[in-house]
Amino acid sequence: DAGVIQSPRHEVTEMGQEVTLRCKPISGHDYLFWYRQTMMRGLELLIYFNNNVPIDDSGMPEDRFSAKMPNASFSTLKIQPSEPRDSAVYFCASSPSSGLAGGPADTQYFGPGTRLTVL
Amino acid sequence: QQPVQSPQAVILREGEDAVINCSSSKALYSVHWYRQKHGEAPVFLMILLKGGEQKGHEKISASFNEKKQQSSLYLTASQLSYSGTYFCGTMRGSWGKLQFGAGTQVVVTP
């Protein structure tokens, strides 16, 4: 299995520009998570989807952030306009359903991350 | 609410043991442990459900004390490959948000 795929791996942009991060989850996984990791705040959950539907976006920091999952094999996280404080590593993770209760399984499989630098 | 991990960092010689703790002020359903090597993604190690069970992964084991709402990760006879940052993630219900702690950096030296 190819694992979770993220692109780009590195992104450097200038303040005010639009940034789009992409994620392809593991085939067959029903859950998709977007995390942000910084030294100051650690690993934070931004939003997660179940069967392409956003379930909890309470971690999305501001209206400048938006996420979509148009189909089971693709998700995007968009920042518009970007600011220097958005600089971080953004991880996408996916998980299969647990079965009985329908919730995510124990394990979340993380992608390699996108290192975003906003100048 | 973010769980609290301690210590923040630990330096070990190969073969030595270490304990990493993860505490929550709220009742937990499960505790998840991940390890992240520098520049890489976090990798799942194990999950512990309420009930006080213990689990193991190679020579790494963990326990969950439901009364204290605390989980401990035990690195036994540490190997160089154990170096990395260990994160605990906690979940208050059977499914939902995973709240990660700030991480514990482990350095194993020869």
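A quick note: this is a predicted structure, and the numbers were derived from the prediction, not measured.

Asks: Where do I start with the state of the cysteines in this structure?
Replies: As used here, a disulfide is simply a covalent bond connecting the sulfur atoms of two cysteines. On inspection of all chains with the given rule, the structure shows 2 disulfides over all chains. Put simply, Cys23 of chain A and Cys92 of chain A are joined by a disulfide, and their sulfur atoms are 1.8 Å apart. Residues Cys23 of chain A and Cys92 of chain A share a disulfide whose torsion about the S-S bond is about -65 degrees; that sign makes it left-handed. Taken together, the residues Cys23 of chain A in strand β3 (residues 19–24) and Cys92 of chain A in strand β9 (residues 88–95) connect sequence positions 69 residues apart. Judged by its relative accessible area of 0%, Cys92 of chain A is buried. Across the disulfide, Cys22 of chain B is cross-linked to Cys88 of chain B (sulfur-sulfur distance 2.0 Å). For the disulfide bridge between Cys22 of chain B and Cys88 of chain B, the dihedral angle about the S-S bond is near 75 degrees, and by the sign convention the bridge is right-handed. In this pair, Cys22 of chain B sits in strand β3 (residues 18–23) while Cys88 of chain B sits in strand β9 (residues 84–91), placing the two residues 66 residues apart along the sequence.

Asks: What should I look at first to understand the interface of chain B and chain A in this one?
Replies: Accessible area lost on assembly of the parts is the figure often given for the size of an interface. Taken together, the contact pairs 15 residues of chain B with 19 residues of chain A. In total, about 1,500 Å² of surface goes out of reach between chain B and chain A, with carbon and sulfur atoms giving 61% of it. Summed over the shared surface of chain B and chain A, the number is 0 salt bridges. Remark: the boundary between chain B and chain A carries 2 residue pairs in polar contact (both at pLDDT 80 or more). Mapped by element, the contributors of at least two residues to the side of chain B that touches chain A are β4 (30–36) and β5 (43–49) of chain B.

Asks: Would you mind showing me how to read the environment of Gly113 of chain A here?
Replies: Residues and elements named next belong to chain A. Assignment of secondary structure puts Gly113 in the loop between β10 (109–110) and β11 (114–118). The sequence separation of Gly113 and Arg22 amounts to 91 residues, and the corresponding C-alpha distance is 9.9 Å. Every residue in contact with Gly113, bar those within four places of it in the chain, is listed here: Gln6, Pro8, Arg9, Val89, Tyr90 and Phe91.

Asks: I keep staring at unusual backbone geometry and nothing clicks. Help me out?
Replies: Trans is the prevailing form of peptide bonds, just as negative phi is the prevailing case for residues other than glycine. Residue Gln80 of chain A is joined to Pro81 of chain A through a cis peptide bond whose omega torsion reads -5 degrees. With respect to the secondary-structure elements, Pro81 of chain A resides in the loop between β8 (74–79) and β9. Along the chain, Ser6 of chain B connects to Pro7 of chain B via a cis peptide bond; the corresponding omega equals -5 degrees. Along the chain, the position of Pro7 of chain B falls in the loop between β1 (4–6) and β2 (9–13). Of note in the backbone geometry, Gln69 of chain B takes a positive phi value of approximately 55 degrees without being a glycine. With respect to the helices and strands, the residue Gln69 of chain B is situated in the loop between β7 (60–65) and β8 (70–75). According to the relative accessible area criterion, Gln69 of chain B is buried, its value standing at 12%.

Asks: Got a minute to help me understand the side chain of Arg35 of chain B in this structure?
Replies: All names here are of chain B. Within the fold, Arg35 resides in strand β4. Reaching out from Arg35, the side chain makes a polar contact with the side chain of Tyr86 at a distance of 3.1 Å. Not counting residues within four places of it along the chain, the set of residues in contact with Arg35 comprises Ala41, Pro42, Val43, Leu45, Ile60, Ser81, Tyr82, Ser83, Thr85 and Tyr86.

The rules behind the values
Starting from 1, residues in each chain are numbered consecutively following that chain's sequence as written. Each chain takes a letter, starting from A, and each ligand takes a number, starting from 1, following the order in which they are written. Given that this is a predicted model, residues contribute local features only at a pLDDT of at least 70 and side-chain atom pairs are listed and counted only at 80 or more, while totals for whole chains, interfaces and linings are drawn from all residues. Heavy atoms throughout the structure, all of them, feed into the side-chain values; hydrogens and water do not. Defined by distance alone, a disulfide is two cysteine sulfur atoms within 2.5 Å. Only DSSP runs of H or I with at least four residues qualify as helices, and only runs of E with at least two residues qualify as strands; both kinds are numbered from the N terminus onward. Buried, partly exposed and exposed residues are distinguished by accessible area as a fraction of the type maximum, computed with a 1.4 Å probe on protein chains only: under 20%, between the cut-offs, and over 50%, respectively. Here, two residues are considered to be in contact whenever any of their heavy atoms come within 4.5 Å of each other. Buried area, as used here, totals the accessible surface that two parts lose on assembly, with accessibility defined by a 1.4 Å probe and the loss added over both. Put simply, a salt bridge is a Lys or Arg side-chain nitrogen that is within 4 Å of an Asp or Glu carboxyl oxygen. Throughout this description, a polar contact denotes any pair of N or O atoms lying within 3.5 Å of each other; where both atoms belong to protein, one of them has to be capable of donating a hydrogen while the other can accept it, and for residues adjacent in sequence the pair is counted only when both atoms sit in side chains.

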